[in-house]
Amino acid sequence: MKIALPSRDNLVDGHFGHCEYFTIYSVDENKKIVSEERLDPPVGCGCKSKVVSILSEMGVSVMLAGNMGSGAVNVLNSHGIEVFRGCSGELRGVAESWLAGKVNDSGVGCEDHGGCS
């Protein structure tokens, strides 16, 4: 399994569509992080870029994010990526909390702009 987090300065970025990079953790069958890689997003904003299809092709199945619009959630879901919004803090700690079952989707999205974000 692979988990992706929109990232900035080793923290979960509060806005999916404008993150500096994505951190992707590979997780083994024992729910332990076994590797980490970085993906610099392609040009464009959030799901209007090709980042969702790239993440899907890489095998990402979970997105742990600070916030994003409903359009981005829908695009990620349509590519088989489950979204958990409301995350904040140090990247590895957030991923480990999710693996321990301590992270739920906040259900809150940003709605201050149209389309994907």
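A. Looking closely at the pairing of strand 1 (residues 2-8). The buried fraction of strand 1 amounts to 5 of the 7 residues, a majority that puts the element mostly inside the structure. For strand 1 and strand 3 (residues 21-27), the ladder comprises 6 bridges, and the chain directions are antiparallel. The partner of L5 across the bridge, within strand 3, is T23. Here 3 bridges tie strand 1 to strand 5 (residues 60-64), and the two strands are oriented parallel to one another. For I3, the partnering residue across the bridge sits in strand 5 and is V62. Bridge count for strand 1 against strand 2 (residues 11-12) is 2 bridges, and the pairing is antiparallel. Residue pairing across strands places R8 opposite L11, the latter belonging to strand 2. Here strand 1 hands over to strand 2 after 2 residues, with D9 in that stretch at a positive phi of 55°.

What counts, and at which threshold
- Residues numbered from 1 in each chain as written.
- Predicted model: local features only at pLDDT ≥ 70, side-chain atom pairs only at ≥ 80, totals over all residues.
- Heavy atoms only, no water.
- Buried < 20%, exposed > 50% of the residue type's maximum accessible area, 1.4 Å probe, protein only.
- Helix = DSSP H or I, 4+ residues; strand = E, 2+ residues; numbered from the N terminus.
- Pairing = 2+ DSSP bridges.

Just geometry here; none of it tells us what the structure is for.
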